[in-house]
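Working through the structure, step by step
Listed below, chain by chain, are the residues.
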Amino acid sequence: MTNSQTVDIAALATASLHLITDMQHDSGAYPASPTFSAYRGYSWFRDGAFIADAASSAGASASAHAFFDWCARVVLANQDRILRIVEAEANGAPLPDGEMLPTRFTLDGEPGADDWWDFQLDGYGTWIWALAAHETRVGGDGSAWSEAVALCVDYLCATWSRPCFDWWEEHSEQQHISTWGCVAAGLKAASGLASLDDDRRHLAASTARAIEARIRTHGVFEGRLVKWVGEQRVDASLASLFGPIGLFSGDDALCQPTLRRIEEELTVNSGVHRFVGDRFYGGGRWPLLSCMLGLAWHAAGDDQRAAELLEWAASAVTQDGFLPEQVDGHLFHPDDRSEWLERWGTVATPLLWSHAMLVRLAVELGVEVAK
Ligand code: BGC
């Protein structure tokens, strides 16, 4: 259900920023959703990178910095594993998916004991992109995290073309275009970090170029980006590559056709679904994706559409001031909802990533967000 009352967006964005910093763990990790059964106690590189980017964009630098520190500690603690993975790839004997880096860790940075759809590469690119964007804002050179970034560059350059789970932790057999985009964006950002050694910067730059070229040849159908190699439909996560990530600029020929397709295929009254056929909790609309699409339209120069999308995302706020992961009202598979409600309980609320994207889009549209 969405809120029919007009929401005060500046107040909600300010409250959202405070919710994020209040819920950040002492370790620097951002819990994905502190109360939701399946996410409790865990922090994702993907969610966290976008949350840190939002915090940084709103001036909460210390919070973003603490999250990047947490990521760097996690990466360094996994150094031996990364070296083994990179060496195995170089020897032409890749390790199995189960030995790759997980997508989420406990708030203390441990792997955790619960099974998960773990092999996902996007978050390791997105955190480098986010920390580089942060450093650009504050005038840093990335030196606080260069050792961990170097390891991630080696990891991503060695593994980027492997099929893996996507943003939605599904279809590990596919090569996902938004995953490739996040990896390319991270490598491109690493190549610009003055604190990284020259060899790594060159490796990162050339691999980013190769991925971008592969996206343009294998990740496009009729002039727009597609969900995975060989697919014709879109996935809403693709919007992020135009804004906020900006791997492709708002005037790239891919931008308008991709965004228009996300509007046609996935958007109902400014609420954005993940992908056609989504069954998770019946497949509702995600406030964070309305904000991603808004950021992409902003990059493309359409602030009016971006503002409408922001307004819809804000209307998803609950009486308690929380933004959920998704809202019902329009479901792709209504019959599947009860199965998830029984399995994991009510939809994750609050989802820190939802709050973060609202903050990020509000900042971009010039809304005053008080620290
Ligand atoms: C989503 C992921 C997200 C995770 C934690 C999952 O249901 O598919 O994209 O990272 O929740 O928020």
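No experiment lies behind these values; they were computed from the predicted model shown.

Cut-off values and rules
Sequence order sets the numbering: in each chain, residues are counted from 1 along the sequence as written. A pLDDT threshold of at least 70 governs which residues receive local features in this predicted model, and a stricter bar of 80 or more applies before side-chain atom pairs are shown or counted, although totals over entire chains, interfaces and linings include all residues. Side-chain numbers here rest on the full set of heavy atoms in the structure, without hydrogens or water. We define proximity as follows: a residue is near a molecule or strand when any one of its heavy atoms falls within 4 Å of that partner. Nitrogen and oxygen atoms within 3.5 Å of one another constitute a polar contact, given that in protein one can donate a hydrogen and the other can accept it, and given that sequence-neighbouring residues count only through two side-chain atoms. Note on areas: these come from Shrake-Rupley sampling with a 1.4 Å probe, and a residue is covered only by the protein chains present in the view. Here the term charged refers only to Asp, Glu, Lys and Arg, the term nonpolar to Ala, Val, Leu, Ile, Met, Phe, Trp, Tyr, Cys and Pro, and the term polar to all other amino acids, Gly among them. Helix and strand definitions here come from DSSP, where helices need a minimum of 4 consecutive H or I residues and strands a minimum of 2 consecutive E residues; each element is numbered from the N-terminal end. Take the residue count of a helix, subtract one, and multiply by 1.5 Å to get its expected span. Each residue is placed in one exposure class: buried if its accessible area under a 1.4 Å probe, protein chains only, is under 20% of its type's maximum, exposed if it is over 50%, and partly exposed if it falls in between. Should a side-chain nitrogen of Lys or Arg be within 4 Å of a carboxyl oxygen of Asp or Glu, the pair is scored as a salt bridge. Note on definitions: angles span 0 to 180 degrees between N-to-C directions of axes, and those axes are lines fitted to C-alpha atoms, for helices only across the stretch in contact. Should an angle fall under 35 degrees it is taken as roughly parallel, and over 145 as roughly antiparallel, whereas 65 to 115 is taken as roughly perpendicular and any remaining angle as oblique. Helix crossings fall into two classes, left-handed where the near helix is turned counterclockwise from the far one by less than a right angle and right-handed where it is turned clockwise. A contact between two residues is defined here by any heavy atoms of the two lying within 4.5 Å. Put simply, two rings from Phe, Tyr or Trp (the six-membered ring, in Trp's case) pair if the centres are within 6.5 Å, and we call them stacked under 30 degrees between planes, edge-to-face over 60, tilted for the rest. By definition here, charges over rings are those cases where NZ of Lys or CZ of Arg is within 6 Å of the ring centre and within 35 degrees of the ring normal.

Quick word on the site of the ligand
As a matter of local geometry, the ligand sits amid 13 residues, with Tyr39, Trp44, Arg46, Asp47 and Trp167 nearest to it. Separating an oxygen atom of the ligand from a side-chain N or O atom of Asp47 is a distance of 2.6 Å. Contacts to the ligand include Arg274, whose side-chain N or O atom sits 3.4 Å from an oxygen atom. Coverage of the ligand by the protein amounts to 98% of the 310 Å² it exposes when considered alone. When grouped by side-chain class, the residues that make up the shell around the ligand number eight nonpolar, no polar and five charged.

Describing helix H5 (residues 122-138)
With 17 residues, H5 should cover 24 Å at 1.5 Å per step; its first-to-last C-alpha distance of 24 Å lies within 8% of that length. Of all 17 residues in H5, 14 are buried, a share of seventy percent or more.

A short note on the pattern of salt bridges
A full pass over the atoms with the stated rule returns 22 salt bridges. In this structure, Asp166 engages Lys227 in a salt bridge whose closest nitrogen and oxygen atoms are separated by 3.6 Å. In this pair, Asp166 is assigned in the loop between helix H6 (146-159) and helix H7 (177-191) and Lys227 in the loop between strand S4 (224-225) and helix H9 (255-266), connecting sequence segments 61 residues apart. The same class applies to Asp166 and to Lys227, which are both buried. Residue Arg200 is joined to Asp197 by a salt bridge in which the shortest nitrogen-to-oxygen separation is 3.0 Å.

Re the packing of H5 against H7
Close contact between H5 and H7 brings their axes to 7 Å; oriented N to C, the two are set at 40°. Comparing the axis directions of H5 and H7 gives the class oblique. For the pair H5 and H7, the crossing hand works out as left-handed. Contact residues: Asp122, Gly125, Thr126, Ile128, Trp129 and Ala132 in H5; Thr179, Cys182, Val183, Ala185, Gly186, Ala189 and Ala190 in H7.

Brief notes about the environment of Met292
With respect to the element layout, Met292 can be found in helix H10 (residues 287-299). A relative accessible area of 0% means that Met292 is categorised as buried. In the structure, Met292 is positioned 48 residues away from Pro244 in sequence and 7.1 Å away in space, judged by C-alpha atoms. Residues contacting Met292, with those up to four places away along its chain left out, are Phe50, Trp167, Ala239, Ser240, Gly243, Pro244, Trp353 and Met357.

Focus: the side chain of Arg305
Among the structural elements, Arg305 can be located in helix H11 (residues 303-315). Overall, Arg305 belongs to the buried group, its relative accessible area being 14%. Discounting chain neighbours no more than four positions away, the residues touching Arg305 are Glu263, Thr267, Ser270 and Trp297.

Structural notes on the packing of aromatic side chains
Applying the stated rule across the entire model yields 34 aromatic pairs. Taken together, a centroid distance of 5.6 Å and an interplanar angle of 75° make the contact between Trp167 and Trp168 edge-to-face. The pair Trp167 / Trp168 is uniform in exposure class, with both members buried. Members of the aromatic cluster, each reached through a chain of ring pairs, are Tyr30, Phe45, Phe67, Phe68, Trp70, Phe105, Tyr124, Trp127, Trp145 and Tyr155. Cation over ring: Lys227 sits above Phe275, and NZ or CZ is 4.0 Å from the ring centre.

Re the side chain of Thr126
Residue placement: Thr126 occurs in helix H5. Setting aside anything within four residues of it in sequence, one finds Thr126 in contact with Ala49, Phe50 and Cys182.

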